[in-house]
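The lines below spell out each chain.
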Amino acid sequence: MMSGIRARNTRPEMRLRRELHALGFRFRLHAKDLPGKPDLVLKKHNAAIFVHGCFWHRHRDCRLASTPASNSGFWADKFARNVERDRQAMEALRDMGWRVAIVWECGLRHNDIPIVIEQTRRWLLSDDPHIELSRP
């Protein structure tokens with residue numbers, strides 16, 4: 001089961017990429033030279049974007065961020081490591097002068113997509129240092 005979980009080119013990531021590209025934004029994918037390997041890097045806008053799955057990255061108050069009932073100790077440790085790794089990557093990127101956005105999986109579902117894409121577009125064109133985008 002776990003072998004089917006992808007780290008790259010996930011459905012939410014592909015949706016965001018398709019929409020931003022259609023708006024004229026150009027980006028690098030999965031930049032290995034940056035902390036956390038951001039999903040999208042827009043050098044022109046000095047921006048790094050992470051597309052986080054709500055389950056794996058523990059989106060607060062999201063129905064998609066459930067915790068499995070069996071082997072709960074394992075899952076708690078795993079989720080804690082994921083969240084800490086995310087925090088460290090974002091802090092390192094900010095220290096390097098990058099602006100960082102997190103787009104949550106739940107915001108890239110069905111009717112919410114146009115709203116989140118517009119918020120992302122506005123953020124990219126602004127000077128705001130950080131933003132988190134999810135369901136409105």
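Data block above holds the structure.
This structure is a prediction, so every number in the text was calculated from the model and none was measured. (Residues numbered from 1 in each chain as written. Predicted model: local features only at pLDDT ≥ 70, side-chain atom pairs only at ≥ 80, totals over all residues. Heavy atoms only, no water.)

Asker: How should the nonpolar core be read in this particular structure?
Answerer: Across soluble globular proteins, nonpolar side chains show a tendency to be buried alongside one another. Counting residues in hydrophobic clusters, the biggest one holds 17 residues, and the most contacted among them are Leu16, Leu20, Leu42, Ile49, Val103, Leu108 and Leu124. Those elements that provide at least two residues to this core are helix 1 (11-22), strand 2 (40-42), strand 3 (47-52), strand 4 (99-104) and helix 4 (113-125). The element contributing the most residues to this core is helix 4, with five residues. The contact partners of Leu124, leaving out residues within four places of it in the chain, are Leu20, Phe25, Leu42, His45, Ala47, Ile49 and Arg99. Residues Ala31, Val41, Phe50 and Ala65 belong to the second largest nonpolar core, which totals 16 residues. (Core = buried A, V, L, I, M, F, W, Y, C linked by side-chain atoms within 4.5 Å. Buried < 20%, exposed > 50% of the residue type's maximum accessible area, 1.4 Å probe, protein only. Helix = DSSP H or I, 4+ residues; strand = E, 2+ residues; numbered from the N terminus. Contact = heavy atoms within 4.5 Å.)

Asker: Can you help me understand the environment of Trp75 in this one?
Answerer: Of note, Trp75 is situated in helix 3 (residues 72-95). Judged by its relative accessible area of 13%, Trp75 is buried. As a C-alpha pair, Trp75 and Trp56 span 19 residues in sequence and 9.8 Å in three-dimensional space.

Asker: Teacher, can you tell me more about the packing of aromatic side chains here?
Answerer: Aromatic ring pairs are described here by two measures, namely the spacing of the ring centres and the angle between the planes. Counted by the stated rule, this structure contains seven aromatic pairs. Here Trp56 and Trp75 contribute two aromatic rings whose centre-to-centre distance is 5.9 Å and whose plane-to-plane angle is 50°, an arrangement assigned as tilted. On the criterion of sequence distance, the pair formed by Trp56 in helix 2 (residues 54-57) and Trp75 in helix 3 is long-range, its members being 19 residues apart. For the pair Trp56 and Trp75, one class covers both residues: buried. Put simply, the rings of Phe55, Trp56, Phe74, Trp75 and Phe79 touch in pairs and so form one group of aromatic residues. Between Arg58 and the ring centre of Phe55, over which it is positioned, the NZ or CZ distance is 5.8 Å. Just above the ring of Phe79 sits the side chain of Arg58; from NZ or CZ to the centre is 3.9 Å. (Phe/Tyr/Trp six-rings, centres within 6.5 Å; stacked < 30°, edge-to-face > 60°. Lys NZ or Arg CZ within 6 Å of the ring centre and 35° of its normal.)

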